[in-house]
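# Structural features, examined
Here is how the chains run, residue by residue.
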Amino acid sequence: MTEENNVKLEGFAKLGISGALLKATLGAGFTQPKPIQEQAIPPFLEGRDILGVAQTGSGKTAAFSLPILSKIIALGTKRRPRTARALVLVPTRELAVQIEETVRLLAKGAHVSTALVLGGVSRNTQVRKLAQGVDVLIATPGRLTDLVREKDVVLSETTWLVLDEADRMLDMGFINDVKRIAKATHPARQTALFSATMPKEIEALANGLLREPVRVEIAPQGTTAAEITQSVVMARTKQKLQVLSGMLANAAMRSVIVFTRTKHGADRVTRDLQRDGFEAAVIHGNKSQNARQRALNGFRDGSVRILVATDIAARGIDVPGISHVVNFDLPDEAESYVHRIGRTGRNGASGIAVTLCDPAESAKLRAVERVIRMRLPVTGDHTSEADPVHSARTPAAEGQDNRPTREPAQKAGQQHPGRRKPGFAHATAANDGGRKEGKKPFRRRKRGGFGRRQAAKAA
Ligand code: AMP
């Protein structure tokens, strides 16, 4: 071990992490604690509840995993069948997989068992794993509700509970499941709740579940990472694919995540990009777990340049080196913008976020600007161009802001003139934004006990 490593080890050791855990932490490349880890680990080790206002990317997984693992290791390996000592509840399957990977990495060398309980994959394997009892269970609320109801897992011995991305669980209609699950855990449990935003429902949830929590706030609500260059390109909905294709002709867009508002929209954008010759894959809630994981793996290993995603499916995706985020549609919920663009500019890297905005989406754009407390510069305007289906290319009206009552663009950023590509015409009709689907990705489940499961699937 180098002297440098010895010095850096001090960081986590100072926070109270020791032995095999400290070694694994360093092995995972976590040399210097992140601010959220500095603030959350010591009080969590002391037994305090934590209320964390932080986004994915802040390092919160290790902030809650390290103290829990530390306590589990100290207790030794005494697992009872069908129980879980710690439970981490998350909104999406991808986030669950990611957290389990981190927990396993950090627990390397220690005898700590982990299990995943999530929808979209066979439950038999999950039930078999739970039968032996696990130390750390990472679960999405829907499938866990089923397994608790069937008594495949009993939570009465769960003494550590983490609710991660609580605001997203609320958005997805999981809040009652979350409350029921929390109620089924040990009454003297220690709880940590993390949320990127703090709407009043989450404040209320936190008040109900946490006892005199230590509040850890990493970035003020709605703040976007300083490293991300953000801009807006005005384009009518039916021009957006052409504009996007033109942008993608720029090789600097090496690894791009494109957000659409609806699953249907995501499928169409993907299909059209593929027809235009781009390597694109799609990830959303109607895709099987295997297809989602395949798309993610391809994006991670670089064989897929463009990942098209809906908000919920993309939640928590942590792929290093995403160079650009393109918002093909403005999100229905302004807060989602912060999560979307947070996929780039991670770990101090720089990133670029471009939002394609139809004039009809101006109100949504203003809502985003209110959340991030800044005006986004408009760096391109295609809205004065003729219908791309029926006319040849026209130059972009650069630097103009076509939004009503808005000032001219504040700064010139990336300029991505729309470019007509062969085979484009087929694509235009596909871009009506999928409005028919509207905003109802989930059906809420009926209230009461661990009753009959309704179809509330993670997108
Ligand atoms: P999270 O917010 O937990 O999803 O973490 C975001 C990213 O930061 C992940 O890729 C982690 O592997 C990484 N990370 C977390 N803590 C540290 C640390 N102390 N040093 C370096 N990387 C970290």
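Before going into details, it helps to say that this report is about the structure given with it. (Residues numbered from 1 in each chain as written. Predicted model: local features only at pLDDT ≥ 70, side-chain atom pairs only at ≥ 80, totals over all residues. Heavy atoms only, no water.)

## Some thoughts on the pattern of salt bridges
Applying the stated criterion across every chain yields a total of 19 salt bridges. Between Glu94 and Arg292 there is a salt bridge; the shortest N-O distance is 2.6 Å. Of this pair, Glu94 sits in helix 5 (residues 93–106) while Arg292 sits in helix 13 (residues 289–301), placing them 198 residues apart in sequence. Comparing Glu94 with Arg292, the two get one shared label, buried. Via salt bridges that share partners, Lys60, Asp164 and Glu165 belong to a single interconnected network. (Salt bridge = Lys/Arg side-chain N within 4 Å of Asp/Glu carboxyl O. Helix = DSSP H or I, 4+ residues; strand = E, 2+ residues; numbered from the N terminus. Buried < 20%, exposed > 50% of the residue type's maximum accessible area, 1.4 Å probe, protein only.)

## Examining the sheet that holds strand 3 (residues 114–117)
Pairing is parallel across the open sheet formed by seven strands, whose spatial order is 3-4-2-5-6-1-7. Both outer strands of the open sheet, strand 3 and strand 7 (214–217), are each paired with one neighbouring strand and no more. Going from strand to strand, the sheet's axes swing by 15° on average, the running direction of each strand aside. In the sheet, strand 3 pairs with strand 4 (residues 134–139) via four bridges, with the strands oriented parallel. Across the sheet, the residue bridging to Thr114 is Val136, located in strand 4. Contacts from helix 4 (residues 60–75) reach strand 2 (84–89), strand 4, strand 5 (160–163) and strand 6 (190–195), with the element oriented near 170° to strand 5. (Pairing = 2+ DSSP bridges. Axes fitted to C-alpha atoms, helices over the stretch in contact; angles between N-to-C directions. Contact = heavy atoms within 4.5 Å.)

## Here's the deal with the packing of aromatic side chains
Per the counting criterion, the structure on display carries one aromatic pair. Ring plane angle 45° and centroid distance 5.6 Å describe the contact between Phe64 and Phe194, whose orientation is recorded as tilted. Pair noted here: Phe64 is in helix 4 and Phe194 is in strand 6, with a separation of 130 residues, a long-range link. You can call Phe194 buried: its relative accessible area is 1%. (Phe/Tyr/Trp six-rings, centres within 6.5 Å; stacked < 30°, edge-to-face > 60°.)

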